[in-house]
Amino acid sequence: MPVEEFVAGWISGALGLILGHPFDTIKVRLQSQNKYRGILDCAVQTYQHESILGFFKGMSFPIVSIAIVNSVLFGIYSNVLLVLTSTTHQERRSQPPSYTNVFIAGCTGGFVQAYFLAPFDLVKVRLQNQTEPRAQLGSLQPRYRGPLHCVSSILRKEGPQGLLRGSGTLMLRDTPTLGIYFVTYEWLCRQYTPKGQNPSSATVLVAGGCAGIASWVAATPLDVIKCRMQMAGLKGQVYHGVLDCMVSSARQEGPGVFFRGLTINSARAFPVNAVTFLSYEYLLRCW
Ligand SMILES: C[N+](C)(C)CCCC[C@H](N)C(=O)O
């Protein structure tokens, strides 16, 4: 099994992640709290109360986890394509796989990575939703002091299955949408690249960015539900499952609730995935 894809997936994921984290914090806050008027208001309030550091809350953990998650995604994707089409990454330019195979490989990668992502994503969302300023003497202490403290308190209060809260919704969100992700990327690359050649850097950047947007547009409704399931019982309401969460969110806040965070998700998705695909392709070409 080729391992380069796993390593390239890790490095490229980490680069994309740092770039996109401030957008991600705003998104999580807009999706799970009602106190902001919009993207700008959330950014201003975050900056005023928590300084620039507020935007990077919950990032240390994802940086470690991206090593696992993105490498699982790209590694599984590439290896499933290898099984389906008997071509390596390098051979796929001259013998491009069918879009059906790309979709199947993307969905498989998405399905597997969801379970690796679930506990990390839960901790990230819980930390990002703490709006208390950094601890000052006499001020209100946030519930979690950091990622490890968050893990241990979830384990203590909710048991080991607590760490998998929201994982079913995450799997539903990521399986089809990562299929869409790789199909969009491949399709755009092929549109702008002469047959048999490697796509140019500009093509990879644009195709990667657009793949990120397409995938996030499709994923946003379930992303909102996932965030709420992960916060259930803490700040949010308690739900009796995914369907209950969908119905009560829509009933209380109207169907628009499913598109909360769409603009910010898309704004974040372009640079993050452009950088992810560019570094992924570049690393694999170098090796
Ligand atoms: C499937 N879903 C849309 C959730 C993510 C697709 C892109 C993944 C990328 N690491 C990013 O964070 O943008």
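See the structure printed just above.
Residues numbered from 1 in each chain as written. Predicted model: local features only at pLDDT ≥ 70, side-chain atom pairs only at ≥ 80, totals over all residues. Heavy atoms only, no water.

### Describing the overall build of the chain
What counts, and what does not: Helix and strand assignments come from DSSP, with helices taken as H or I runs of at least 4 residues and strands as E runs of at least 2, each series counted from the N terminus. Radius of gyration: over C-alpha atoms. The globule rule applied is 2.2 Å multiplied by the number of residues raised to the 0.38 power.
On a plain count of helices and strands, the chain comes out with nine helices and zero strands. Starting at the N terminus and ending at the C terminus, the chain contains elements arranged as α-α-α-α-α-α-α-α-α. A globule of 287 residues ought to have a C-alpha radius of gyration of about 19 Å, and the chain, at 19 Å, matches this closely. In terms of principal-axis extent, the alpha carbons of the chain reach across some 65 × 35 × 35 Å.

### Observations concerning the nonpolar core
Filter applied, for reference: Residue types Ala, Val, Leu, Ile, Met, Phe, Trp, Tyr and Cys, when buried and joined through side-chain atoms within 4.5 Å, form a set referred to as a nonpolar core. With a 1.4 Å probe rolled over the protein chains alone, any residue whose accessible area is under 20% of its type maximum counts as buried; one over 50% counts as exposed, and the rest are partly exposed. We call two residues contacting when some pair of their heavy atoms lies within 4.5 Å.
By size, the foremost hydrophobic cluster in this structure holds 21 residues, and its most contacted members are L73, F74, Y77, Y181, F182, Y185 and F277. Mapped onto this core, the elements with two or more residues apiece are α3 (60-85), α4 (99-128), α6 (167-191), α7 (201-231) and α9 (262-286). A per-element tally of this core places α6 first, with six residues. Excluding its chain neighbours within four sequence positions, the residues that come into contact with F277 are F74, Y181, F182, Y185, V204, G208 and A211.

### Concerning the environment of I225
Counting through the fold element by element, I225 comes out in helix α7. Judged by relative accessible area, which is 0%, I225 ranks as buried. Separated by 158 residues in the primary sequence, I225 and A67 place their C-alpha atoms 26 Å from one another. Apart from residues no more than four positions distant in its own chain, I225 is found in contact with T169, V242, C245, M246, S249 and F258.

### Quick notes on unusual backbone geometry
Excluding glycine, residues mostly carry a negative phi; peptide bonds, for their part, are mostly trans. Positive phi, close to 65°, is recorded for S51, a residue that is not glycine. Tracing the backbone through its elements, the reader meets S51 in the loop between α2 (39-50) and α3. The exposure class assigned to S51 is partly exposed, which follows from its relative accessible area of 34%. Within the chain, S86 stands out as a residue other than glycine whose phi angle is a positive 50°.

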